[in-house]
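The residues making up each chain are set out below.
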Amino acid sequence: DDFAAYIDAAKAQGRLLKRLEAPGQGHFIGPAAIKVNGIADLEREVFGPVLHIATFKADDLDAVVDAINASGYGLTFGLHTRIDGRVEQVTSRLHVGNAYVNRNQIGAIVGSQPFGGEGLSGTGPKAGGPHYVARFAAAPGPGHDSAPGDTVWPGRVQAWLDRVAGQDTPRLSVTDLPGPTGESNRLSVYGRGPVLCLGPTAEDAADQARIAREAGCPALEIAPRAGGAGAMDGVLPREALTGLNGVAVVALWSGADDLRAARRALAARDGALIPLATGADDLAARCRLERHICVDTTAAGGNAALLAAEADEAMARAAS
């Protein structure tokens with residue numbers, strides 16, 4: 001009934017493009033195609049036989065990718081094109097765990113297409129990938145006692161997060177994975193994003209920042225007597241972790257009570273899960289995220305006129 005009401009509402013708004021009748025017996029909903037302006041029109045996932053269709057001009061392709069990234073979800077993406085430049089233009093900017101080019105988006109195979117997303121669609125390393133099994137092991141931290149210090153105002157931390165927001169993290173590695181003939185499978189590892197290094201000692205925070213920066217992540221050291229660029233002297237109240245925006249990872253090598261307070265604050269957040277790293281190895285792993293691209297290489301080539309138009313467009317951009 002919920003799916004039928006959704007489709008009926010689209011029909012009433014003049015957005016229903018096509019609808020097939022369901023069989024008279026059984027519990028079925030006829031598939032439907034519905035027009036939308038873009039991904040921002042989809043306020044929730046519709047787990048039914050509904051295809052949402054949006055059109056856009058070729059010059060707006062980057063804006064479409066930005067809108068997809070802005071949704072916060074990043075599990076699976078599909079693209080159909082015979083132009084290699086389009087593939088690179090889209091996938092190099094896309095924040096999703098699995099991208100499929102010129103093929104279907106199901107049937108991920110262990111060892112060929114490690115599966116998992118990021119953002120609101122991510123809970124850790126990819127299933128079937130090289131970093132998956134290790135996440136099931138415990139990662140106890142050093143358990144240092146928290147040192148007393150002045151309170152760091154959360155607004156200062158948020159100001160730093162705002163400054164580094166949107167910075168692209170580097171690609172750290174690329175691995176070609178095995179697969180069937182006619183298919184390319186490539187796993188890339190990127191830096192996850194801004195890391196709050198909470199010590200609890202200045203030495204701990206400095207080590208945390210070093211590990212984060214080696215993974216290409218912006219890092220802010222917050223601990224008593226922390227000094228230098230990218231550091232704040234004092235203690236961030238753990239409850240502040242609930243409201244800070246733009247955090248990718250929190251590092252804290254503290255005792256049980258302090259870690260519990262940080263976990264509770266992170267658990268109370270809305271949105272994507274924010275990992276708490278409690279040791280050096282744990283932090284090194286959590287500072288990295290994985291993106292996989294699967295390409296059906298047998299679909300390459302074909303439309304010579306389209307390829308020529310792409311080449312002319314590229315030359316025009318270079319000339320300007």
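So, here is what we can say about the structure in this document. It should be emphasised that the depicted structure is a prediction, and the values quoted were computed from it without experimental measurement.

Calculation rules
Residues numbered from 1 in each chain as written. Predicted model: local features only at pLDDT ≥ 70, side-chain atom pairs only at ≥ 80, totals over all residues. Heavy atoms only, no water. Helix = DSSP H or I, 4+ residues; strand = E, 2+ residues; numbered from the N terminus. Buried < 20%, exposed > 50% of the residue type's maximum accessible area, 1.4 Å probe, protein only. Contact = heavy atoms within 4.5 Å. Areas by Shrake-Rupley, 256 points an atom, 1.4 Å probe, with all protein chains shown as cover. Lys, Arg positive; Asp, Glu negative; His and termini not counted. Charge placed at Lys NZ, Arg CZ, Asp CG, Glu CD. Phe/Tyr/Trp six-rings, centres within 6.5 Å; stacked < 30°, edge-to-face > 60°. Lys NZ or Arg CZ within 6 Å of the ring centre and 35° of its normal. Pairing = 2+ DSSP bridges. Axes fitted to C-alpha atoms, helices over the stretch in contact; angles between N-to-C directions. Core = buried A, V, L, I, M, F, W, Y, C linked by side-chain atoms within 4.5 Å. Left-handed = near helix turned anticlockwise from the far one by under 90°. Nonpolar A, V, L, I, M, F, W, Y, C, P; charged D, E, K, R; others polar. Salt bridge = Lys/Arg side-chain N within 4 Å of Asp/Glu carboxyl O.

Along the backbone of the chain there are eight helices and 15 strands. Counting the 320 residues in the chain, one finds 38% classified as buried. Residue pairs at least 24 apart in sequence account for 61% of intrachain contacts in the chain once pairs closer than 6 positions are excluded. Accessible area for the chain stands at about 17,700 Å²; split by element, carbon and sulfur atoms hold 54% of it. On the chain, the mean spot of the 30 positive side-chain charges and the mean spot of the 37 negative ones are 2 Å from each other.

Our focus in this paragraph is the packing of aromatic side chains. In the structure shown here, the tally under the stated rule is one aromatic pair. With 5.2 Å between their ring centres and 90° between their planes, Tyr132 and Phe136 make a pair best called edge-to-face. Classification of Tyr132 by relative accessible area gives partly exposed; the value is 31%. Classification of Phe136 as exposed rests on a relative accessible area of 64%. The ring centre of Tyr190 lies 4.6 Å from the NZ or CZ of Arg291, which sits over that ring.

Within the open sheet, the three strands sit side by side as 1-2-3. Their pairing is mixed. Edge strands, defined here as strands with exactly one partner in the open sheet, are strand 1 (16–19) and strand 3 (50–53). Averaged over all pairs of adjacent strands, the angle between their axes in this sheet comes to 15°, without regard to strand direction. With three bridges joining them, strand 1 and strand 2 (residues 32–35) adopt antiparallel strand pairing. Note on strand 2: the bridge partner recorded for Lys18 is Ala33. Seen against the sheet, helix 1 (residues 2–12) touches strand 1, strand 2 and strand 3 and runs at an angle of roughly 130° to strand 1.

This paragraph deals with the environment of Gly166. Here Gly166 lies in the loop between helix 4 (154–164) and strand 8 (171–177). A relative accessible area of 73% means that Gly166 is categorised as exposed. For the pair Gly166 and Gly246, spaced 80 residues apart in the sequence, the C-alpha separation amounts to 9.1 Å.

Here the focus is the nonpolar core. In terms of nonpolar packing, the biggest core is built from 23 residues, with Val157, Leu196, Leu236 and Leu241 touching the most fellow members. Taken together, the elements giving at least two residues each to this core come down to helix 4, strand 11 (219–223) and helix 6 (256–267). Not counting chain neighbours up to four residues away, the residues in contact with Leu241 comprise Leu196, Leu198, Leu236, Val250, Ala262, Ala265, Leu266 and Arg269. By size, the runner-up hydrophobic cluster in this structure holds 20 residues, among which are Ala223, Ala231, Ala248 and Cys287.

Time to look at the packing of helix 2 (residues 61–70) against helix 3 (residues 84–91). Where helix 2 meets helix 3, the closest approach of the two axes is 10 Å, and the angle between their N-to-C directions is 35°. Of the two possible hands of crossing, helix 2 and helix 3 adopt the one that is right-handed. Contact with helix 2, carried on its side by Leu61, Asp62 and Val65, involves Arg86, Gln89 and Val90 of helix 3 and no other residues of that element. Each residue belonging to the contact of helix 2 with helix 3 can be placed in one class, and the counts come to three nonpolar, one polar and two charged.

Let us look at the sheet that holds strand 13 (residues 249–251). Within a sheet, neighbouring strands are paired by backbone hydrogen bonds and run either parallel or antiparallel to one another. Taken in spatial order, the five strands line up as 12-11-10-13-14 in an open sheet, and their pairing is parallel. Each having just a single partner strand, strand 12 (231–233) and strand 14 (276–277) make up the two edges of the open sheet. With three bridges joining them, strand 10 (residues 195–197) and strand 13 adopt parallel strand pairing. Bridged to Cys197 within strand 13 is Ala251. Most of the contacts of helix 5 (residues 202–214) go to strand 11, to which it runs at about 170°, and overall it touches strand 10, strand 11 and strand 13.

Attention now goes to the pattern of salt bridges. Per the counting criterion, the structure on display carries twelve salt bridges. The residue Asp176 makes a salt bridge to Arg186 at a minimum N-O spacing of 2.8 Å. With Asp176 in strand 8 and Arg186 in strand 9 (residues 183–191), this residue pair connects regions lying ten residues apart in the sequence. Accessibility expressed as a relative area gives 38% for Arg186, which makes it partly exposed. As a salt-bridge pair, Asp282 and Arg286 come within 2.8 Å of each other at their nearest N and O atoms. With Asp282 and Arg286 both in helix 7 (residues 280–286) and four residues apart, this pair spans about one turn of that helix. In this structure Asp282 comes out as buried when scored by relative accessible area, which is 10%. Each of Asp62, Asp66 and Arg93 takes part in salt bridges that share partners, so that together they form one network.

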